[in-house]
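Spelled out from the first residue to the last, the chains are:
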Amino acid sequence: MFEKCNAVLKMTSVFLEDEPLDRTEYTCTVSRYDEEGERIYLVMNGEDITRISLDAEYSCTLMAEEELVCQGRVKERFLDKNGSQLVFGIENGFYKNNLN
């Protein structure tokens, strides 16, 4: 459904008291979407995977036919032969971004 779409991850809040809020927008490509498991599998485009916090909430904007946004957390991050991989857990479903 969203495979090969571009996505943008942006930190919205942190869970640890002393962790700073990262204002960087990370561009990714969707490699797989698991609707039943509410997971989006992302490949980061040229960024250091260690900059992605597992102790934060992110917004994920998908650039599909229409721009869709969801909130959630990065559940896993790892490197493999295809690059920097992220497993994003959706926590509140999708909504349209009507602010454009």
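Residues numbered from 1 in each chain as written. Predicted model: local features only at pLDDT ≥ 70, side-chain atom pairs only at ≥ 80, totals over all residues. Heavy atoms only, no water.

Asks: What should I look at first to understand the overall build of the protein in this one?
Replies: Helix and strand counts for the protein stand at zero helices and six strands. Over its C-alpha trace the protein gives a radius of gyration of 13 Å, about what one expects of a compact globule, namely 13 Å for 100 residues. Seen through its C-alpha atoms, the protein measures out along the principal axes to roughly 40 × 35 × 25 Å. Taking all 100 residues of the protein together, the buried fraction comes to 38%. Look at the contacts in the protein between residues 6 or more apart in sequence, and 52% of them connect residues 24 or more apart. Distance between charge centres in the protein, computed from 11 positive and 20 negative side chains, equals 3 Å. (Helix = DSSP H or I, 4+ residues; strand = E, 2+ residues; numbered from the N terminus. Rg over C-alpha atoms; globule rule 2.2 N^0.38 Å. Buried < 20%, exposed > 50% of the residue type's maximum accessible area, 1.4 Å probe, protein only. Contact = heavy atoms within 4.5 Å. Lys, Arg positive; Asp, Glu negative; His and termini not counted. Charge placed at Lys NZ, Arg CZ, Asp CG, Glu CD.)

Asks: Teacher, can you tell me more about unusual backbone geometry here?
Replies: Most peptide bonds adopt trans geometry, and most residues besides glycine take a negative phi value. One non-glycine residue, K4, lies in the positive phi region at around 70°. Accessibility expressed as a relative area gives 73% for K4, which makes it exposed. You will see that E38, though not glycine, has its phi angle at about 50°, which is positive. As for its placement among the helices and strands, E38 is situated in the loop between β2 (25–34) and β3 (39–44).

Asks: I'm lost on the pattern of salt bridges in this one. Help?
Replies: As a working rule, side chains carrying opposite charge can pair if their charged atoms are close by. All chains considered together, the criterion is met by two salt bridges. Of the charged contacts in the structure, one is a salt bridge between E25 and K10, with a shortest N-O distance of 3.9 Å. Of this pair, E25 sits in strand β2 while K10 sits in strand β1 (residues 6–14), placing them 15 residues apart in sequence. Given a relative accessible area of 49%, E25 falls into the partly exposed group. Relative accessible area serves as the criterion here: at 31%, K10 is assigned to the partly exposed category. (Salt bridge = Lys/Arg side-chain N within 4 Å of Asp/Glu carboxyl O.)

Asks: Any chance you could explain the pairing of β3 here in plain terms?
Replies: Put simply, side chains in a regular strand alternate between the two faces of the sheet. In terms of burial, β3 is largely enclosed, as five of its six residues are buried. Strand direction decides the pairing type here: β2 and β3, joined by six bridges, are antiparallel. Each residue of the ladder has a partner; that of Y33, found in β3, is I40. Linking two consecutive strands that pair antiparallel, namely β2 and β3, is a turn of four residues; a positive phi of about 50° is found at E38 within it. (Pairing = 2+ DSSP bridges.)

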